[in-house]
Amino acid sequence: MNQEELKSHIKDILKDHKVGTLATVKNNKPHSRFMTFWNDENLTLFTPTSNETYKAEEIEENPFVHIIIGYEGAGPGDAFLEIQGQAQIRSDEKIRDWIWNDHMERWFSSKDDDELIVLEIFPETIRLMNESKETPEQLDM
């Protein structure tokens, strides 16, 4: 598939899947955790977290991250994405307004909670995996 078709297919997978793993690196060792992701039209990913977490510290030291999202557990043919990129920490009102939902009240008092930050992840490569014998296919950003 050409790059525009691949980009469109990636958007479809991101639209249908919101939970994936986010891996960071500290002292040359990976740390992974499940996160909820949103994305914009440019395939930039966003995920809320607390500024009191290890991942925030790790990203400040090393912004390179890896995300796996899309796998449903059915097995062969169950497409998923591997995303490599760089993250930055945001805490501005605009991003908090956009990302906030009532489910986040479990961890934060409100969208104005001082601990609430958003990780903005700029993909460098996105690989479509496990969909067919032609995969992986790679979108370079």
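One structure accompanies this document, and this report is about it. (Residues numbered from 1 in each chain as written. Predicted model: local features only at pLDDT ≥ 70, side-chain atom pairs only at ≥ 80, totals over all residues. Heavy atoms only, no water.)

## A closer look at the pairing of strand β5 (residues 64-69)
On β5, burial follows the alternation: Val 65, Ile 67 and Ile 69 on one face are buried, whereas Phe 64, His 66 and Ile 68 on the facing-out side are not. Looking at chain direction, strand β1 (residues 19-26) and β5 are connected through 4 bridges and run antiparallel. Bridging from a neighbouring strand, Ala 23 pairs with His 66 of β5. Pairing of β5 with strand β6 (residues 80-90) involves 6 bridges; the strand directions are antiparallel. Counterpart to Ile 69 in the pairing with β6 is Leu 81. (Buried < 20%, exposed > 50% of the residue type's maximum accessible area, 1.4 Å probe, protein only. Helix = DSSP H or I, 4+ residues; strand = E, 2+ residues; numbered from the N terminus. Pairing = 2+ DSSP bridges.)

## Topic: the packing of aromatic side chains
Enumeration according to the criterion identifies 2 aromatic pairs in this entry. Judged by centre distance (5.9 Å) and plane angle (90 degrees), the rings of Tyr 71 and Phe 80 are edge-to-face. Accessibility expressed as a relative area gives 14% for Phe 80, which makes it buried. (Phe/Tyr/Trp six-rings, centres within 6.5 Å; stacked < 30°, edge-to-face > 60°.)

## Some details on helix α2 (residues 54-61)
Turning to α2, its buried residues number three or more, namely Lys 55, Ala 56, Glu 58 and Ile 59. The buried residues of α2 occupy an angular sector of 165 degrees when the element is viewed end-on, so they sit on one face. Within α2, the exposed residues directed more than 90 degrees away from the buried face are Tyr 54, Glu 60 and Glu 61. Its buried side turned inward, α2 meets β1, β2 (29-36), β4 (45-50), β5, β6 and β7 (116-129). (Arc of directions from axis to C-beta. Contact = heavy atoms within 4.5 Å.)

## Considerations on helix α1 (residues 3-16)
In this model, α1 (14 residues) spans 20 Å end to end at C-alpha, consistent with the 20 Å of a helix rising 1.5 Å per residue. Along α1, the residues that are buried comprise Leu 6, Ile 10, Ile 13 and Leu 14. On an axial view of α1, the arc spanned by its buried residues comes to 95 degrees, and they lie on one face. The exposed set on the far side of α1, more than 90 degrees from its buried face, consists of Glu 4, Lys 15 and Asp 16. Those residues of α1 hidden inside the fold are in contact with β3 (38-39), β4, β5, β6, β7 and β8 (137-140). (Expected span 1.5 Å × (residues − 1).)

None of this, on its own, says anything about what the molecule does.
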